[in-house]
Number of protein chains: 2
Amino acid sequence: MNFLEERIVKEGIVKAGNVLKVDSFLNHQIDIDVYRQMGEEFKKRFEGKPINKILTIEASGIGIACAVATPFHVPLVSAKKSTRINIDGDVYTAEVESFTHKTKNQIIVSKKFLTPDDHILIIDDFLANGCALQGLISLVNQAGGTVEGIGIAIEKGFQIGGQIIRNMGYQLESLAIVEGMNDETGEVFFRENK
Amino acid sequence: MNFLEERIVKEGIVKAGNVLKVDSFLNHQIDIDVYRQMGEEFKKRFEGKPINKILTIEASGIGIACAVATPFHVPLVSAKKSTRINIDGDVYTAEVESFTHKTKNQIIVSKKFLTPDDHILIIDDFLANGCALQGLISLVNQAGGTVEGIGIAIEKGFQIGGQIIRNMGYQLESLAIVEGMNDETGEVFFRENK
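Residues numbered from 1 in each chain as written. Chains lettered and ligands numbered in written order. Predicted model: local features only at pLDDT ≥ 70, side-chain atom pairs only at ≥ 80, totals over all residues. Heavy atoms only, no water.

Considerations on the overall build of chain A
When its secondary structure is counted, chain A shows 5 helices and 11 strands. In terms of overall size, chain A behaves like a compact globule, its C-alpha atoms giving a radius of gyration of 16 Å where 194 residues would be expected to give roughly 16 Å. Of all 194 residues assigned to chain A, the portion counted as buried reaches 56%. For chain A, the share of sequence-separated contacts (at least 6 apart) that also reach a separation of at least 24 residues comes to 60%. Accessible surface for chain A amounts to roughly 8000 Å². Of this, 47% is attributable to carbon and sulfur atoms. Of the side chains in chain A, 21 bear a positive and 26 a negative charge, and the two mean positions are spaced by 3 Å. (Helix = DSSP H or I, 4+ residues; strand = E, 2+ residues; numbered from the N terminus. Rg over C-alpha atoms; globule rule 2.2 N^0.38 Å. Buried < 20%, exposed > 50% of the residue type's maximum accessible area, 1.4 Å probe, protein only. Contact = heavy atoms within 4.5 Å. Areas by Shrake-Rupley, 256 points an atom, 1.4 Å probe, with all protein chains shown as cover. Lys, Arg positive; Asp, Glu negative; His and termini not counted. Charge placed at Lys NZ, Arg CZ, Asp CG, Glu CD.)

Focus: the packing of aromatic side chains
To describe a pair of aromatic rings, one takes the distance between the centres and the angle between the planes. A full pass over the atoms with the stated rule returns 2 aromatic pairs over all chains. The residue whose ring lies beneath Lys-43 of chain A is Phe-72 of chain A, and the NZ or CZ to ring-centre distance is 5.2 Å. (Phe/Tyr/Trp six-rings, centres within 6.5 Å; stacked < 30°, edge-to-face > 60°. Lys NZ or Arg CZ within 6 Å of the ring centre and 35° of its normal.)

Structural notes on helix H2 (residues 32–45) of chain B
Residues and elements named next belong to chain B. Compared with the 20 Å implied by 1.5 Å per residue over 14 residues, the 20 Å span of H2 between its first and last C-alpha is a close match. Those residues of H2 that fall on the buried side of the exposure criterion are Ile-32, Val-34, Tyr-35, Met-38, Gly-39, Glu-41, Phe-42 and Arg-45. Two or three places before Asp-33, at the opening of H2, Asp-31 has a side-chain oxygen 2.8 Å from that residue's backbone nitrogen. (Expected span 1.5 Å × (residues − 1). Polar contact = N/O pair within 3.5 Å; in protein donor to acceptor, adjacent residues only side chain to side chain.)

Some remarks on the relation of the copies chain B and chain A
Superposition of chain B onto chain A requires a rotation of 180° combined with a translation of 0.0 Å along the rotation axis, giving an RMSD of 0.0 Å. The operation mapping one copy onto its partner corresponds to a two-fold rotation axis. Both copies present the same face, since 100% of the interface residues in chain B are matched by interface residues at the equivalent positions in chain A. (Least-squares fit on C-alpha atoms with pLDDT ≥ 70 in both.)

A short note on the nonpolar core
Formed by 74 residues in total, the largest nonpolar core has its most connected members in Ile-54 of chain A together with Leu-4 and Ile-54 of chain B. When neighbours within four sequence positions are excluded, Leu-4 of chain B is seen to be in contact with Phe-25, Leu-26, Val-34, Ala-153, Ile-154, Leu-175 and Ala-176 of chain B. (Core = buried A, V, L, I, M, F, W, Y, C linked by side-chain atoms within 4.5 Å.)

Quick look at helix H4 (residues 131–143) of chain B
Helical geometry note: an α-helix holds 3.6 residues per turn, so side chains three or four residues apart project in the same direction. Residues and elements named next belong to chain B. Taking 1.5 Å as the rise per residue, H4 with 13 residues should run 18 Å; its terminal C-alpha atoms sit 19 Å apart, in good agreement. The complete set of buried residues in H4 reads Leu-133, Gly-135, Leu-136, Ile-137, Leu-139, Val-140 and Ala-143. Of the residues flanking the end of H4, it is Gly-144, one or two places downstream, whose phi is positive at about 80°.

A look at unusual backbone geometry
Residue and element names in this part refer to chain A. Between Glu-58 and Ala-59 the backbone carries a cis peptide bond, its omega angle lying at 0°. Within the element layout of this structure, Ala-59 appears in the loop between strand S4 (53–57) and helix H3 (61–72). Unusually for a residue other than glycine, Asn-18 sits at a positive phi of about 55°. Topologically, Asn-18 is positioned in the loop between strand S1 (13–15) and strand S2 (19–21). Exposure remark for Asn-18: the relative accessible area of 34% places this residue in the partly exposed category.

Some remarks on the pattern of salt bridges
Tallying each qualifying case throughout the model produces 28 salt bridges over all chains. With a closest N to O distance of 3.4 Å, Lys-21 of chain B and Asp-23 of chain B form a salt bridge. As far as the burial class goes, Lys-21 of chain B and Asp-23 of chain B line up, both buried. Residues Arg-36 of chain B and Asp-33 of chain B are paired through a salt bridge, measuring 3.5 Å at the closest nitrogen-oxygen approach. Here the residue Arg-36 of chain B and the residue Asp-33 of chain B both occupy positions in helix H2, the gap between them amounting to 3 residues, near one helical turn. Since its relative accessible area comes to 22%, Asp-33 of chain B is described here as partly exposed. Here the salt bridges do not stand alone but share partners, grouping Glu-41, Lys-44, Arg-45 and Glu-173 of chain A into one network. (Salt bridge = Lys/Arg side-chain N within 4 Å of Asp/Glu carboxyl O.)

So, the interface of chain B and chain A
Accessible area lost during the coming together of the parts is what is often quoted as the interface size. The interface of chain B with chain A comprises 41 residues on the first partner and 41 residues on the second. Of the roughly 3300 Å² buried between chain B and chain A, counting both surfaces, carbon and sulfur atoms make up 60%. Counting every contact that joins chain B to chain A gives 2 salt bridges. The salt bridge partner of Asp-23 of chain A is Lys-112 of chain B, with a shortest N-O separation of 3.6 Å. In this assembly, chain B and chain A are joined by 10 residue pairs in polar contact (both at pLDDT 80 or more). Contributions of two or more residues to the side of chain B that touches chain A are made by strand S1 (13–15), strand S3 (29–30), H2, helix H3 (61–72), strand S5 (76–81) and strand S7 (104–110) of chain B. Across 2 bridges, the pairing between strand S5 (residues 76–81) of chain A and S3 of chain B is antiparallel. If you follow Val-77 of chain A over to S3 of chain B, its bridge partner there is Gln-29 of chain B. (Buried area = accessible area lost by both parts, 1.4 Å probe. Pairing = 2+ DSSP bridges.)

Considering the pairing of S4 of chain A
Residue and element names in this part refer to chain A. Counted residue by residue, S4 has 5 buried out of 5 residues, so it is predominantly covered. Neither face of S4 is open: one carries Lys-53, Leu-55 and Ile-57, the other Ile-54 and Thr-56, and all of them are buried. Inspection of the sheet shows S4 paired to strand S8 (residues 119–127) by 3 bridges, in the parallel sense. By the bridge assignment, Leu-55 is partnered in S8 with Ile-122. Strand direction decides the pairing type here: S4 and S5, joined by 4 bridges, are parallel.

Quick look at the structure:
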């Protein structure tokens with residue numbers, strides 16, 4: 001097991017309905033050392049790719065994306081949910097449906113910050129059915145940029161999102177792939193990691 | 001001028017209605033070096049305080065809070081806006097009104113992550129009328145914790161928020177305090193920094 005899987009086993013809480021709560025170290029409360037290790041691990045896994053920008057989506061993706069942008073030493077762009085009054089009108093948009101929150105969101109990014117010259121690493125905390133990810137890929141494609149890879153903290157391997165993304169030929173690296181959970185024993189089962 | 005004021009002068013865009021857009025380096029697109037410098041500066045300004053946790057509010061506070069948590073080497077907690085289905089019921093809540101987005105939000109934090117033993121540094125990107133900040137202070141007080149200080153990237157010094165917080169005796173450190181803006185010339189005027 002890697003550092004993230006070990007931490008999930010130690011502190012993750014399994015709830016009915018395939019819910020895995022990792023809010024003591026990954027999102028609600030954040031262990032900055034875990035984020036730093038994640039950044040370094042993604043740097044290794046995408047070594048050699050001409051990545052010049054990180055793209056993520058608010059809110060919980062931002063912290064991880066900052067930790068990844070640090071070793072790559074590139075700027076990051078955070079796509080916004082819904083229209084904000086202080087964002088200029090000149091934006092790319094995609095519609096995404098949240099599995100967790102059962103809501104549809106318009107996600108937007110200013111055209112200033114995604115261009116045809118961009119080689120993008122997309123970063124997010126969770127991958128389940130992959131709708132948010134599909135929206136982010138759409139934003140990069142609309143800009144004419146290149147998706148160099150996708151880095152995820154925790155993938156739910158028993159849901160469809162990861163398979164779709166890999167089928168499309170993207171390099172998708174998930175630091176922990178959960179194959180199953182038992183909400184009676186609290187056990188979490190991982191796909192074997194490389 | 002410090003590094004942040006210089007960057008605001010270089011890239012900030014002044015719009016009518018006292019709107020200052022810094023989305024090329026501070027929020028929509030993020031320059032990770034600016035965040036790192038901010039973290040180091042807050043570490044200096046709150047030197048000697050027994051800070052054991054950073055508290056911020058999603059979304060744009062999270063990245064800065066990560067950059068501050070790094071030199072302090074403490075965990076950070078990100079208060080959530082509105083009720084999410086994957087947060088436990090056992091939460092502290094406060095109601096805040098956003099100046100920018102003209103919306104009222106319930107902000108919540110799990111009782112697990114704020115305790116009477118916590119000595120908190122509150123971090124946010126903007127301070128205007130200070131409602132978000134008042135909500136965060138309320139969350140710490142509800143938990144019986146101690147607010148050791150408040151660190152803000154950009155304060156609008158011509159609005160009431162900063163004065164209220166300083167009147168209440170909190171150590172409030174804003175890296176750039178904007179005293180005025182001219183949307184015809186694009187000029188930004190800062191309060192003299194220490």
